[in-house]
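# Structural overview for review
One letter stands for each residue in the lines below.
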Amino acid sequence: LINGQPVLIKGVNRHDHSPTGGKAVTLDEIRQDLMLMKEYNFNAIRTAHYPNDPYLYDLADELGLYVVDEANIECHGHYDFICREHSFTAAMLDRVQRMVIWDQNHPSIIGWSLGNEAGFAFNHTMLYGWIKGYDNSRFVQYEGAHRPEWGQDPHNYERKDAGMGTDVVCPMYPTIDEITEWADEIAPRINETRPFIMCEYAHAMGNSSGSLADYWKVIKEKEGLQGGFIWDWIDQGLLEVDADGKSYFAYGGDYGETPNDANFNINGMISPDRKPHPAMIEFKKIAQPVDFSFKLHADRNEFTIRVTNQRYFSSLDDLQWKWTFKMDGFDLEEGTCSFPKLMKPKTEEDAIVSTLKDAFDRHSLDTVIQLGTAEVHLDIAVFCVEGATRQGRIKSVSELQDYPVVASEQFSLCTRSTGIAVHSLPETFHQRLGKQKLSEEDSKFTLSSNCCRATLYEGSTSFEYALDSKTVVFGIRPNLFRAPTDNDAVKQNGDQFNDPSKPLGNWLRLGLDCVCLDEVVTSGSLSSSSITSNATIYGQPGKQSYPGIALAEKLLSSVGEEELNRKVHLGSYKQTIKIDDKSALYVEVLFDLNESLTDLPRVGIELAVPSELKEMMFFADGPGENYSDRSYSSHAGVYEGSISDSSTYVVPQEQSNRMNMRWLVLAEPNGRGKLQVPKFSEDIKSTFRGAVSDRQGAMIASTSDEMPQFTVSRHTDVSLFSARHVKELKDDQDRIFIRIDAAQRGLGSGSCGPQTLEQYKVNG
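Presented here is an overview of the structure given in this document.

Procedures and definitions
Residues numbered from 1 in each chain as written. Predicted model: local features only at pLDDT ≥ 70, side-chain atom pairs only at ≥ 80, totals over all residues. Heavy atoms only, no water. Helix = DSSP H or I, 4+ residues; strand = E, 2+ residues; numbered from the N terminus. Rg over C-alpha atoms; globule rule 2.2 N^0.38 Å. Buried < 20%, exposed > 50% of the residue type's maximum accessible area, 1.4 Å probe, protein only. Contact = heavy atoms within 4.5 Å. Pairing = 2+ DSSP bridges. Axes fitted to C-alpha atoms, helices over the stretch in contact; angles between N-to-C directions. Phe/Tyr/Trp six-rings, centres within 6.5 Å; stacked < 30°, edge-to-face > 60°. Lys NZ or Arg CZ within 6 Å of the ring centre and 35° of its normal. Arc of directions from axis to C-beta. Parallel < 35°, antiparallel > 145°, perpendicular 65-115°, else oblique. Nonpolar A, V, L, I, M, F, W, Y, C, P; charged D, E, K, R; others polar. Salt bridge = Lys/Arg side-chain N within 4 Å of Asp/Glu carboxyl O. Left-handed = near helix turned anticlockwise from the far one by under 90°. Lys, Arg positive; Asp, Glu negative; His and termini not counted. Disulfide = S-S within 2.5 Å.

## Some remarks on the overall build of the chain
Counting its secondary structure elements, the chain contains 16 helices and 32 strands. Taking 27 Å as the expected radius of gyration for a compact globule of 764 residues, we find that the chain reaches 28 Å, a close match to that expectation. C-alpha extents for the chain along the principal axes are approximately 90 × 70 × 55 Å. For the chain, with 764 residues in total, the buried portion stands at 58%. The long-range fraction of contacts in the chain, counting pairs at least 24 apart against all pairs at least 6 apart in sequence, stands at 73%.

## Quick look at the sheet that holds strand S12 (residues 319-327)
Taken in spatial order, the 4 strands line up as S13-S12-S15-S16 in an open sheet, and their pairing is antiparallel. Each edge of the open sheet carries a strand with a single partner, namely strand S13 (330-338) and strand S16 (405-414). Strand-to-strand twist across the sheet, computed as the mean angle between neighbouring axes with direction ignored, equals 20°.

## Some points on the packing of aromatic side chains
Scanning all chains against the criterion turns up 24 aromatic pairs. Taking the centre distance of 5.4 Å and the plane angle of 65° together, the rings of Phe 618 and Phe 710 count as edge-to-face. Separated by 92 residues along the polypeptide, Phe 618 in strand S27 (residues 615-622) and Phe 710 in strand S31 (residues 709-713) bring together distant segments of the chain. Exposure remark for Phe 618: the relative accessible area of 1% places this residue in the buried category. An aromatic cluster of three or more residues is present, and its members are Phe 294, Phe 303, Trp 323, Phe 325, Phe 360 and Phe 411. When the ring centre of Tyr 248 is taken as reference, the NZ or CZ atom of Lys 727 above it lies at 4.1 Å.

## Description of the pairing of strand S21 (residues 470-479)
Sheet topology places strand S20 (residues 463-467) next to S21; 4 bridges connect them, and they run antiparallel. The residue of S21 that forms the bridge with Glu 464 is Phe 474. Hairpin connection, S20 to S21: the antiparallel pair is bridged by 2 residues, and Asp 468 has positive phi, about 50°.

## Looking at the sheet that holds strand S28 (residues 635-642)
Pairing is antiparallel in the open sheet, where 4 strands are placed in the order S28-S27-S29-S30. At either end of the open sheet lies a strand with only one pairing partner, and these are S28 and strand S30 (698-701). The average undirected angle you get between the axes of adjacent strands in this sheet is 15°. As paired strands, strand S29 (residues 663-667) and S30 are joined by 4 bridges and run antiparallel to one another. Across the sheet, the residue bridging to Trp 663 is Ala 701, located in S30.

## Examining helix H13 (residues 550-558)
Those residues of H13 that fall on the buried side of the exposure criterion are Leu 551, Ala 552 and Leu 555. Burial along H13 is one-sided: seen end-on, the buried residues are contained in an arc of 95°. For H13, the secondary structure elements touched by its buried residues are helix H12 (504-510) and helix H16 (717-722).

## As for the packing of helix H5 (residues 176-190) against helix H6 (residues 212-221)
Running from amino to carboxyl end, H5 crosses H6 at an angle of 5°, the nearest separation of the two axes being 10 Å. Considering their axes alone, H5 and H6 lie roughly parallel with respect to each other. Taking contact as the criterion, the partners of Ile 176, Ile 179 and Thr 180 in H5 are, on H6, Asp 214, Tyr 215, Val 218 and Ile 219. For the contact of H5 with H6, the per-class residue count stands at 5 nonpolar, 1 polar and 1 charged.

## Examining the pattern of salt bridges
Within this structure, the stated rule accounts for 43 salt bridges. A salt bridge links Glu 143 to Arg 147, with the shortest nitrogen-to-oxygen separation between them at 2.7 Å. Residue Glu 143 is classed as buried on the basis of its relative accessible area, which comes to 4%. Since its relative accessible area comes to 8%, Arg 147 is described here as buried.

## A short note on the packing of helix H3 (residues 89-103) against helix H4 (residues 122-134)
Where H3 meets H4, the closest approach of the two axes is 10 Å, and the angle between their N-to-C directions is 30°. Viewed along their axes, H3 and H4 adopt a mutual orientation that is roughly parallel. The element H3 and its partner H4 pack so that their crossing is right-handed. Of H4, the residues touching H3 (which contributes Thr 89, Met 92, Leu 93, Val 96, Gln 97, Val 100 and Ile 101) are Asn 123, His 124, Met 126, Leu 127, Trp 130, Ile 131 and Tyr 134.

## A few points about helix H8 (residues 354-362)
Those residues of H8 that fall on the buried side of the exposure criterion are Leu 356, Lys 357, Ala 359 and Phe 360. All buried residues of H8 fall inside an arc of 160° around its axis, so they share one side. Two residues or fewer past H8, Ser 364 is found with a positive phi of approximately 50°.

## With respect to the side chain of Glu 29
Its location among the elements puts Glu 29 in helix H1 (residues 27-39). Of the buried charged residues, Glu 29 lacks a salt bridge, with Arg 274 as the closest side chain of opposite charge at 4.0 Å. With sequence-adjacent residues up to four places away left out, Glu 29 is seen in contact with Ser 18, Pro 19, Ala 24 and Arg 274.

## Things to note about the environment of Leu 517
Mapping Leu 517 onto the fold places it in strand S22 (residues 515-525). Spatially, the C-alpha atom of Leu 517 lies 30 Å from that of Arg 724, the residues being 207 residues apart in sequence. Beyond its immediate chain neighbours, meaning those up to four positions away, Leu 517 contacts Thr 461, Pro 478, Ala 535, Thr 536, Ile 537 and Tyr 573.

## Observations concerning the state of the cysteines
Using the criterion set out here, one finds 0 disulfides in the structure. With no disulfide of its own, Cys 337 lies closest to Cys 384 among cysteine sulfurs, the gap being 18 Å. Looking at Cys 337, the relative accessible area reads 6%, which means it is buried. Cys 514 provides the cysteine sulfur closest to Cys 516, a residue in no disulfide bond, and the two sulfurs are 7.1 Å apart.

## Some points on the pairing of S31
Burial analysis of S31 places 5 of its 5 residues in the buried class, which makes it a mostly covered element. Burial along S31 is two-sided: Gln 709, Thr 711 and Ser 713 and Phe 710 and Val 712, pointing in opposite directions, are all buried. Here S31 pairs with strand S32 (residues 735-744) via 5 bridges, running antiparallel. Bridging across to S32, Gln 709 finds its partner in Asp 741.

The structure is reproduced here in structure tokens:
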């Protein structure tokens, strides 16, 4: 494809957009875009859907980004018309000629595009013929050449005249099964030798980009698949300030215009003010220039790290990597290594890891791994040190921090044979032992031990848990709903309430946004110091109202009063709470949901804690948000952070989930600064004691071998669903909400593309 190499296109579609200037972008904003693309390992741009400012091509030449230059030809409203209309022939040719002649001397341009979604007929074959006659050094692409002769029905990869309009097979939004079928069956059968490069895929609207890693696993394994361009680069919102001085990003309909597409153009990998969304980190990992594999040999005392140079034209001499051994999520020891010298492109070699091997022996990790006494991880971070190599190879870890990270990896060397690691065992916090007590009075059950107390009323599963007379847990309830992502359904698109490909309408019909427990039976056991509640879970459709949310309003207006006033039987719920003699509270929850329930948002619980607990430290996959189908870039570890009162996304929706929680600590800020993650060799227990005791904090830990997911938020899911903009979010009830899930639906990219894959869906 490029200089004789089958270069994978790790691209993105870019629209001109400024949050203050609209389509009038500044040169600085263009530079910001391309610098971010390089930082996150993109290598190509499609100028969707028009030629760009000459500065972009100059900058792409300078930075080393491939460009597919696209003609300004698009006609959704007359899709099958202008491609066949002679009166448009000259205008279409004029646009293509001006683009090619104006931009032809830019080496960054590797291909020309005939436009976007404008049918395919003789006007396009004429454009293709002119370009190939004028500039045969670059490929020509056009997605419409593989559509049926009329309309935009599914792609026809066997269309006989497609080669008269495109040199590459470039569909938009194919499924993973579709690209696999193309590589395994269709291309060999029809003797197709053109590369398959998706012109659009992985629609990035809101909290999205699920299964990016699944796409790229197939792309890297199958011959003929050569990547694609994510849709798209930036959320096209406009910065506004309301009467109260709150800033927000406006979108379709906010200026009173009709018709409008609501937030459909809020579909980028970065926010309007050019802050990367979490999906950017996922793509950076997928597209990194170097990969690693780790093999622990049978005697568990030797290992091999193999390096793969994923570049096509250069060695890895400008890179250096840092390794870190982690014990139960904490950094144990770190050091640096160099890559093999003059390593050829697209080759593999074993790395020389003498310093890493010394650390492995020094901490007797072979014994730890053999006995399974701790979780052990090996983290790798790769830094670009280009320019520094003239003065000699950088050796120290501290010096490396000044250079950009271009790749990362994590290997799990050992999981605990005795369950989840919790360094903050109850005795860490409270040295006083106390005898458990259970009392029942006036339909109220009270469990107590030493300085803690749990209170639960008969007929309810909600309880309060107090420590040293201060309530630290306000209630607990089953949670089967999430604030819908744009892929679950665009909540401001009323027509999607009955769309079978969008699950949100069904969730609301089941009343998952307002579940209740009925037929509750509560009993206490002194022998086990526990209170057990059994109940039936019901959904209450229509109980919540969502003014201004078009989908919810249309659904409510379309169903009868009988359906709104009914309860929907969802299953059963069992909850057991215990307090041990060290003042630790244990909660066990069991769901038995109806098997008829499919494609649920989540299965879990929600509890509330005091709003003063603003800081957190956790051992889970992180550091940023991750989901079952967007977790390739996440590493297990101990991380700290503050709980945000804002939204990551322009339109509030589900966010901030983290997989595989071992434990979570919440604490109040104090004058000694923020919570800091210590190294493993430091006094970890004192860190936890300080967080929980000195800062009036709380700890939640998983004692199950199945690690849950968790979210910490200042807002309930209902509040997030009710808001159209970030400015409408208000702190709920002066509480912080913790959602702990056994399972949560993946993200997919179903706002304009494939829905969440079956393996990432949640069923009853």
